[in-house]
Amino acid sequence: MLSRSTAIMILLAGGVLHAQPATLKDAFAGIFRIGAAVNPSQFEERNARDVAIITSQFNSITPENVLKWEAVHPRVDAYNFAPADHYVAFGEKYKLFIVGHNLVWHSQTPAWVFRDSQGAPLTHDALLERMHDHIRTVVGRYKGRIGGWDVVNEALNDDGTLRQSQWYKIIGEDYIVKAFQFAHEADPAAELYYNDYSLENEPKRAGAVELIKHLQAASIPVTAVGLQGHDELDWPTAQQQGGTIEAFAALGLKVAITELDVDVLPRKGAGSSADVSATASGGAGSNPYVAGLPDAVQQELARRYAELFSVFVKYRASVARVTFWGVTDGSSWLNNFPVRGRTNYPLLFDREGKPKPAFRAVIGAAPKLGRRDSTERF
């Protein structure tokens, strides 16, 4: 409640108070969805602190692992839906947009997927049928409940060529087309995404553009391209980010930022790659902020997030969602990638669940005009 004197001051200043929204989802309401990747302790509501952050700040969720093949379909004759059922129920309980992540990937897919009962490599047709069965079963179970799926994840090399995965080697490049076809058959109303990292780099972006054109030529209903957004303090540039959004928007697609975080620690070996196999060994100076993030770096991180969100807002006609890969710094995967056992600070909430300067910078990047619930008139 505003005091009488404050109200009078506002009237004298022009009658409109641009009150800063208290939550991310309010700040960007009507602009794009704001999401977080969640783990079992959160969607099973065992971590009350994180549940409070998720339900107050976000309007979309993505599962970190429970819908990846090794988790949901660990054996040829068995599915494990219990964790994924909890995840979907959590999203429905709190009226969140629910994302399914992911259906076809070269990683976190059991070796048996590509082999027959004798251990020999599957034939083209047999692997295609196995993929079909998996997608039909998983997507079909959550038909009408999961709003969008990362259908194929990380199919490209950094130079834009197709990754020589087992999917590619056995089925050929049309495995991507088939995966999208199967997903659309299983739930015609679900949004379908291609998701990858480092698409801000020109060679890989060019390869992704050609891939999307190939899917469109095959009449595949691709809704959006997911830019993972595993960023650094100096990469990608605002120009790279904007140019990448423009490239996919020109194809008539939406863009989602699907796994956003900003690595503040030194990178060696893995470079800017988010390939989960690109691990590196630690050395002197590789874990410099064990005792806490210096204020200068904290402010640099805030400026970086403000820069990124300024780009997302600029292209809001094309950006449908921005999802952070995690909720607090303590549970971020970047504490163990590319070097294990480090102390990283890549998100908007610290290890105690408190908002950081980066949180306030993101809120501040939201448009001041046209917000819902962001102004109060007298």
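All of these numbers come straight from a predicted model, not from anything done at the bench. (Residues numbered from 1 in each chain as written. Predicted model: local features only at pLDDT ≥ 70, side-chain atom pairs only at ≥ 80, totals over all residues. Heavy atoms only, no water.)

**Side note on the overall build of the chain**
- Per the secondary structure count, the chain includes 13 helices and 11 strands.
- The 378 residues of the chain split such that 54% are buried.
- Of the contacts made within the chain by residues no fewer than 6 positions apart, 79% connect residues no fewer than 24 positions apart. (Helix = DSSP H or I, 4+ residues; strand = E, 2+ residues; numbered from the N terminus. Buried < 20%, exposed > 50% of the residue type's maximum accessible area, 1.4 Å probe, protein only. Contact = heavy atoms within 4.5 Å.)

**Regarding the environment of Tyr87**
- Assignment of secondary structure puts Tyr87 in helix H6 (residues 82–93).
- In the structure, Tyr87 is positioned 49 residues away from Val38 in sequence and 8.4 Å away in space, judged by C-alpha atoms.
- The contact partners of Tyr87, leaving out residues within four places of it in the chain, are Val38, Phe43, Ile61, Thr62, Pro63, Val66, Leu67, Ile98 and Val99.

**Considering the pairing of strand E5 (residues 148–153)**
- Of all six residues in E5, six are buried, a share of seventy percent or more.
- In terms of strand pairing, strand E4 (residues 97–105) meets E5 through five bridges, oriented parallel. In the sheet register, Val104 faces E5, and the bridge partner there is Val152.
- Handedness of the E4-helix H7 (residues 124–141)-E5 crossover: right-handed. (Pairing = 2+ DSSP bridges. Right-handed = clockwise from strand over helix to strand, strands pointing away.)

**Here's the deal with H7**
- The end-to-end C-alpha separation of H7 is 26 Å, in line with the 26 Å expected for 18 residues at 1.5 Å each.
- Within H7, burial applies to Leu127, Leu128, Arg130, Met131, His132, His134, Ile135, Val138 and Val139.
- Of the surrounding secondary structure, the elements contacted by the buried residues of H7 are helix H5 (69–72), E4, E5, helix H8 (166–171) and helix H9 (175–186). (Expected span 1.5 Å × (residues − 1).)

**Regarding helix H4 (residues 48–57)**
- For H4, the complete set of buried residues consists of Asp50, Val51, Ile53, Ile54 and Gln57. When H4 is viewed along its axis, its buried side chains cluster within an angular range of 160° and face the same direction. (Arc of directions from axis to C-beta.)

**Re the pairing of strand E6 (residues 191–196)**
- With five of six residues buried, E6 is to be regarded as a mostly interior element.
- Where E5 meets E6, five bridges bridge the pair, whose relative direction is parallel. In the sheet register, Asn153 faces E6, and the bridge partner there is Asn195.
- In the classification by handedness, the crossover that spans E6, the intervening helix H10 (residues 202–217) and the parallel strand E7 (residues 224–227) is right-handed.

**Quick notes on the packing of H7 against H9**
- Put simply, H7 and H9 touch, their axes get as near as 9 Å, and they point 35° apart. The element H7 and its partner H9 pack so that their crossing is right-handed. Contacts from Leu128, Met131, His132, Ile135, Arg136, Val139 and Gly140 of H7 reach H9 at Tyr175, Lys178, Ala179, Phe182, Ala183, Glu185 and Ala186.
- Looking at side-chain class alone, the contact of H7 with H9 contains nine nonpolar, two polar and three charged residues. (Axes fitted to C-alpha atoms, helices over the stretch in contact; angles between N-to-C directions. Left-handed = near helix turned anticlockwise from the far one by under 90°. Nonpolar A, V, L, I, M, F, W, Y, C, P; charged D, E, K, R; others polar.)

**Quick notes on the side chain of Asp261**
- Along the polypeptide, Asp261 turns up in strand E9 (residues 254–263).
- For Asp261, a relative accessible area of 0% corresponds to the buried category.

**Structural notes on the pattern of salt bridges**
- Within this structure, the stated rule accounts for 14 salt bridges.
- Put simply, Arg145 and Glu92 hold a salt bridge, and the shortest N to O gap is 2.8 Å. With a gap of 53 residues between them, Arg145 in the loop between H7 and E5 and Glu92 in helix H6 connect regions that are remote in the sequence. (Salt bridge = Lys/Arg side-chain N within 4 Å of Asp/Glu carboxyl O.)

**A short note on unusual backbone geometry**
- His101 connects to Asn102 through a cis peptide bond whose omega is -10°.
- A cis amide bond links Trp235 with the next residue in sequence, Pro236, at an omega value of -10°.
- With respect to the helices and strands, Pro236 occurs in the loop between strand E8 (230–232) and helix H11 (238–249).
- The backbone of Ser219 sits at a positive phi, close to 60°, despite the residue not being glycine.

**Brief notes about the confidence of the model for the chain**
- Per-chain confidence: the chain averages 91 in pLDDT, with 88% of residues scoring 70 or above.
- This model gives residues 1–18 a pLDDT under 50, and the stretch forms 24 contacts once residues within four places in sequence are excluded.
- Overall, residues 370–378 carries pLDDT values under 50, and its contacts beyond four positions in sequence, including any with other chains, amount to 28 contacts. (pLDDT = per-residue confidence, 0-100.)

**Re the packing of aromatic side chains**
- For the coordinates displayed, the defined rule picks out 17 aromatic pairs.
- Centre to centre, the rings of Phe28 and Phe309 are 5.4 Å apart; their planes meet at 45°, and the pair counts as tilted. Taken together, the residues Phe28 in the loop between helix H2 (24–27) and strand E2 (33–38) and Phe309 in helix H12 (residues 295–314) connect sequence positions 281 residues apart. By the burial criterion, Phe28 is buried, and Phe309 matches it.
- With a centroid separation of 6.0 Å and an interplanar angle of 15°, the aromatic rings of Phe309 and Phe324 are classed as stacked. With a gap of 15 residues between them, Phe309 in helix H12 and Phe324 in strand E10 (residues 319–324) connect regions that are remote in the sequence.
- Its relative accessible area of 0% is what places Phe309 among the buried residues.
- One aromatic cluster in this structure is built from Phe28, Phe32, Phe58, Tyr305, Phe309, Phe312 and Phe324.
- Against the face of Tyr197 rests Lys204, its NZ or CZ located 3.5 Å from the ring centre. (Phe/Tyr/Trp six-rings, centres within 6.5 Å; stacked < 30°, edge-to-face > 60°. Lys NZ or Arg CZ within 6 Å of the ring centre and 35° of its normal.)

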